[in-house]
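# A closer look at the structure
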Amino acid sequence: MGPVRRTAAEVAEAAAGVLYLAGPFLLAVIALFVARRDNARVHLMAAALGFGLVALPEALAVAAEVLSPPAEPPPGCLPDPAPFRALPVVLAWVISPLTMILFAGVAGTRVRPDRGSVLRLVVALGVIALVVQAVRILPERLAAPPVADDGTPRYALLAGGYLETVDLDTGRIAHEYMPYLGRRMTQIKAVAATREPGEYVVSVTLRQGQDTWSPRGFVSRIHRLTVDADGQAKLGQALSGRLNGSVDRIVVSPEGRIAYSRQTEDRDHNRTTYVGVLGPNVEWRAAAHGFYWRDAQTLVLPDDIHFTGVTYPPKPELVKSWEGALDVRLPAPDPPTAAVLVRAPRDNGSHTLPHPLPDGRTLRVRQGSYEQPSELLLYDGDRKVATVLTLSCGEIVSMALERSGRHLLVGKDNENDSGAGNRPCGGKNHELLRVGLTPTGAGAFPHKVVWRGDTYLGGLTW
C-alpha cells in the first residue's frame, strides 16, 4: 500500500473512533441547545447535525476499510474475497431506524427547506463522494510501476486456482487473489506477462453443471490483470469471448499477440486440445504442452510435429531434430496447412520446457533422475551453447523470463513426495531461483533462491 492511502486509512479510522465515542455526548449537547432555543430553524439545524453525527463515523469506518490492506489470512486460507459495494452500505444507512427518526424530526419542525438549501446539500454530498473516490483511486493512478531497484519486476505471479503474487525482494507472498465475476467466484488457471510492467493476461474459469473436474464443467475467458506497487492484483477487461473448456496456458509474443491452449471433453470423456490466438481470433486442433512464440508469426508446438501436409526431413531418424509449428498468418482448415517445421536440438522432448530469449537463442530443460541431475541448457538453434544451471536434487518445472532477457526465474520442485522421480531435497516443497543470464568471467551463471513455499510453481510468470 502506498503511503498516501495508508495515511488516509489511519486518519479515517482514528476519526471514526473519536466520533463513535463522542457521539452520545455531542447529541446530548445538541438536545440542550434545542431546549434553550425552541424555534423551527434551530430544530432543522439540530436534525442536520444529528444526521451527520450518525452517518459520518460509519462513512469514515468504511473508508478506512476500503483504504486499508486486506487482513492477513490464517496459514493455508484465502482472505475474504467479497468486494466492497457502496450501494448496499448507503441503502443500509438510509433505511436505518435512527435515520428515519432524524427525518421525522425534520418533518416535525414543519419547515420546508427551500430549493437552494436542498441543492447545496446535494452538491456537498457529491463533493464528499468525489473526494473519497479520489483518495481511493488517485494513489493507484499515480503509483510507480511495480519494479525493483534494478528495473526488474518486483513480483512473480503463481496461478493455480487462485493467484499469488510473490514479493521477490522479501521472499513472501504479497497478495492472494481469487476474483468475482458478477456474484460467482472464479478460478485463475493461467497467467502471462505482457510488455508493460504490472500488466498481465489471465484465463478466468467458471465451473458449470455437475462435472466439476472435467473440462466439460468449465467455461473460460481471457482477461487483462494489473498488479500495483504493493502487489495487489485486480482483474481488468475481457479480451476474449466465452471459450468452452479450460484455458490452461497463455503465452504473449514480444509484439503483444496472445496465444492460448484450450482443452475440452465430450460425453465419452474424449479430450481434445486446441491452440488459439487473439486479434484476429483463430484456433487449431493440436497438442499444446509447452508451446511458445518463435517469432511474431510462428507458434512452436514441441509436442506435435505430425501435421498433415508437412514435408518431413529426408531421413526419418532426424525427426527428433525438428519441432512442429504454426504460421499464425494462415487460416485453420483441416488438415492444417498452416503447419511448418522448425529446427530443434536432437535431445528435444515433450518435457524440455523450451523458452526463447530475445536474441533468438533458446533455454531448455534436460530432465534428471536419481542418477543424473536436472539441467538448464542454452541452445543456439540446435547447437548447445552452455549449461546455465545444474540441480543437485529436485526438478525444474517452470521458467519465467524478465522482459530484457537478462534475468530468469526458475520454478523448482524439490521432489519430496513418495512418487519422486529425482533425488528429494528436503525443506519446503518448492523453490524459486533467480538466475542471471550474463555469465561471469569464469563462465558461470549466478543464481540464488528468492522464495521457498508449498505452492506448486507450474503456473509461473514474471
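Bear in mind the structure is a predicted one, so any value in this text is a computation, not a measurement.

## Some remarks on the packing of aromatic side chains
Throughout the structure, instances matching the rule amount to zero aromatic pairs. One cation-aromatic arrangement involves Arg249 over Phe291; the distance from NZ or CZ to the ring centre is 5.3 Å. Here the basic side chain of Arg262 rests over the ring of Tyr274, its NZ or CZ set 4.6 Å away from the ring centre.

## Let's talk about the pairing of strand β16 (residues 298-301)
On β16, burial covers both faces: Thr298 and Val300 on one face and Leu299 and Leu301 on the other are all buried. Here strand β15 (residues 292-293) hands over to β16 after four residues, the two strands then running antiparallel side by side.

## Some remarks on the sheet that holds strand β27 (residues 460-461)
If you walk across this open sheet you meet the four strands as β3-β2-β1-β27, and the pairing is antiparallel. In this open sheet, the two strands that pair with only one neighbour each are β3 (172-177) and β27. As judged from the five bridges shared by strand β2 (residues 163-167) and β3, these two strands associate in the antiparallel manner. By the bridge assignment for β3, Glu164 is matched with Glu176.

## Some thoughts on a nonpolar patch on the surface
Nonpolar side chains collect at one region of the surface, where Phe25, Leu26 and Val29 lie side by side and expose about 270 Å² of accessible area between them. Here Phe25 lies in helix α1 (residues 3-36). Among the residues examined, Phe25 registers a relative accessible area of 57% and is labelled exposed.

## Section: the pairing of strand β1 (residues 155-159)
Burial runs high along β1: five of the five residues are buried. Burial along β1 is two-sided: the face carrying Tyr155, Leu157 and Ala159 and the face carrying Ala156 and Leu158 are both buried. As paired elements, β1 and β2 share five bridges and run antiparallel to each other. Among the inter-strand pairings, Ala159 is bridged to a residue of β2, identified as Leu163. Counted along the chain from β1 to the antiparallel partner β2, the turn is three residues long, and its residue Gly161 has a positive phi close to 100°. The pairing of β1 with β27 spans two bridges and is antiparallel. When the sheet's bridge partners are listed, Leu157 is paired in β27 with Thr461.

## Quick look at the nonpolar core
Core analysis: the biggest nonpolar cluster contains 19 residues, and Leu363, Leu376, Ile396, Met399, Leu408 and Val410 have the highest contact counts within it. Residue assignment for this core shows that the elements contributing at least two residues are β20 (362-366), β21 (375-380), β22 (383-390), β23 (395-401), β24 (407-413) and β25 (430-436). Setting aside residues no more than four positions away along its own chain, Leu408 makes contact with Leu363, Leu376, Met399, Ala400, Leu401, Leu433, Arg434, Val435, Leu437 and Trp462.

## A word on the side chain of Glu431
Considering the arrangement of structural elements, one finds Glu431 in strand β25. Glu431 sits in the buried class, given a relative accessible area of 11%. Within the local environment of Glu431, its side chain forms a polar contact with the side chain of Arg452, the two groups lying 3.0 Å apart. Setting aside residues no more than four positions away along its own chain, Glu431 makes contact with Val410, Gly411, Lys412, Asn414, Val449, Trp451, Arg452 and Leu457.

## A word on the pattern of salt bridges
Evaluated as defined, the whole model comprises eleven salt bridges. For Asp150, the salt bridge identified is with Arg434, shortest N-O distance 2.8 Å. One end of the pair, Asp150, is in the loop between α5 (115-142) and β1; the other, Arg434, is in strand β25, with 284 residues separating them in the sequence. A residue is classified by how much of its surface remains accessible, and Asp150, at 45% relative accessible area, is partly exposed. Of the charged contacts in the structure, one is a salt bridge between Arg452 and Glu431, with a shortest N-O distance of 3.0 Å. Taken together, the residues Arg452 in strand β26 (residues 447-453) and Glu431 in strand β25 connect sequence positions 21 residues apart. Salt bridges sharing partners connect three or more residues here, namely Arg154, Asp167 and Asp169.

## Quick look at the confidence of the model for the protein
Scored by pLDDT, the protein comes out at a mean of 79, with 75% of its residues at no less than 70. When mean pLDDT is compared element by element in the protein, β25 scores highest at 96, while helix α3 (residues 86-94) scores lowest at 62. Across residues 71-83 the pLDDT falls below 50, and counting only partners more than four positions away or on other chains, this stretch makes 14 contacts in the model.

## Quick notes on the environment of Val204
Within the secondary structure, Val204 is located in strand β7 (residues 199-207). Residue classification places Val204 among the buried residues on the basis of a relative accessible area of 2%. Residues Val204 and Val247, 43 residues apart in the sequence, show an inter-C-alpha distance of 8.1 Å. Excluding anything up to four places from it in sequence, Val204 contacts Leu181, Thr186, Gln187, Val219, Ser220, Arg221, His223 and Leu235.

Rules behind the numbers
Residues numbered from 1 in each chain as written. Predicted model: local features only at pLDDT ≥ 70, side-chain atom pairs only at ≥ 80, totals over all residues. Heavy atoms only, no water. Phe/Tyr/Trp six-rings, centres within 6.5 Å; stacked < 30°, edge-to-face > 60°. Lys NZ or Arg CZ within 6 Å of the ring centre and 35° of its normal. Buried < 20%, exposed > 50% of the residue type's maximum accessible area, 1.4 Å probe, protein only. Helix = DSSP H or I, 4+ residues; strand = E, 2+ residues; numbered from the N terminus. Pairing = 2+ DSSP bridges. Patch = residues over 30% accessible without salt bridge, like charges linked within 9 Å, V, L, I, M, F, W, Y side chains within 5 Å. Areas by Shrake-Rupley, 256 points an atom, 1.4 Å probe, with all protein chains shown as cover. Salt bridge = Lys/Arg side-chain N within 4 Å of Asp/Glu carboxyl O. Core = buried A, V, L, I, M, F, W, Y, C linked by side-chain atoms within 4.5 Å. Contact = heavy atoms within 4.5 Å. Polar contact = N/O pair within 3.5 Å; in protein donor to acceptor, adjacent residues only side chain to side chain. pLDDT = per-residue confidence, 0-100.

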